[in-house]
Amino acid sequence: QVQLVESGGGLVQPGGSLRLSCAASGSIRSIYTMGWYRQAPGKQRELVASITNGDSTNYADFGKGRFTISRDNAKNTVYLQMNSLKPEDTAVYYCNADIRSLVYGTMNYWGKGTLVTVSS
């Protein structure tokens, strides 16, 4: 019943910016930590950034100073602002969240991903 849907991916030139969004929907009681992961072809999925329900943030080293994670609790949405993008940022970006539904205990959910391509 609970779903995460990402949006905002696309093609951008090196040095450009993109803003990803992830909206949670369904029978939601509470949303705890939300985060962004990414996976390039042939590579393992890696954490990009996370944010708790108390707004504490955590970033991978490659994203510090370039990426900003934020959330809008009223909209059940988490964002990832990506600036100064590099070709190596090219990957499928996945939304992740720990969610307490109205019927289940806390579970971890994944979105289907949105593709970000950084190329000139």
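Just so it is clear, the structure is predicted and the values come from calculations on it, not from any experiment. (Residues numbered from 1 in each chain as written. Predicted model: local features only at pLDDT ≥ 70, side-chain atom pairs only at ≥ 80, totals over all residues. Heavy atoms only, no water.)

## Things to note about the packing of aromatic side chains
To describe a pair of aromatic rings, you give the distance between the ring centres and the angle between the ring planes. Counted by the stated rule, this structure contains three aromatic pairs. Between Tyr37 and Trp110 the ring centres are 4.9 Å apart and the planes differ by 65°, which places this aromatic pair in the edge-to-face class. Of the two residues, Tyr37 is situated in strand β4 (residues 28–39) and Trp110 in strand β10 (residues 106–110); the sequence distance between them amounts to 73 residues. The exposure class assigned to Tyr37 is partly exposed, which follows from its relative accessible area of 23%. A relative accessible area of 38% places Trp110 in the partly exposed class. A centroid spacing of 6.4 Å and a plane angle of 80° characterise the contact between Phe62 and Phe67, whose relative ring orientation is edge-to-face. (Phe/Tyr/Trp six-rings, centres within 6.5 Å; stacked < 30°, edge-to-face > 60°. Helix = DSSP H or I, 4+ residues; strand = E, 2+ residues; numbered from the N terminus. Buried < 20%, exposed > 50% of the residue type's maximum accessible area, 1.4 Å probe, protein only.)

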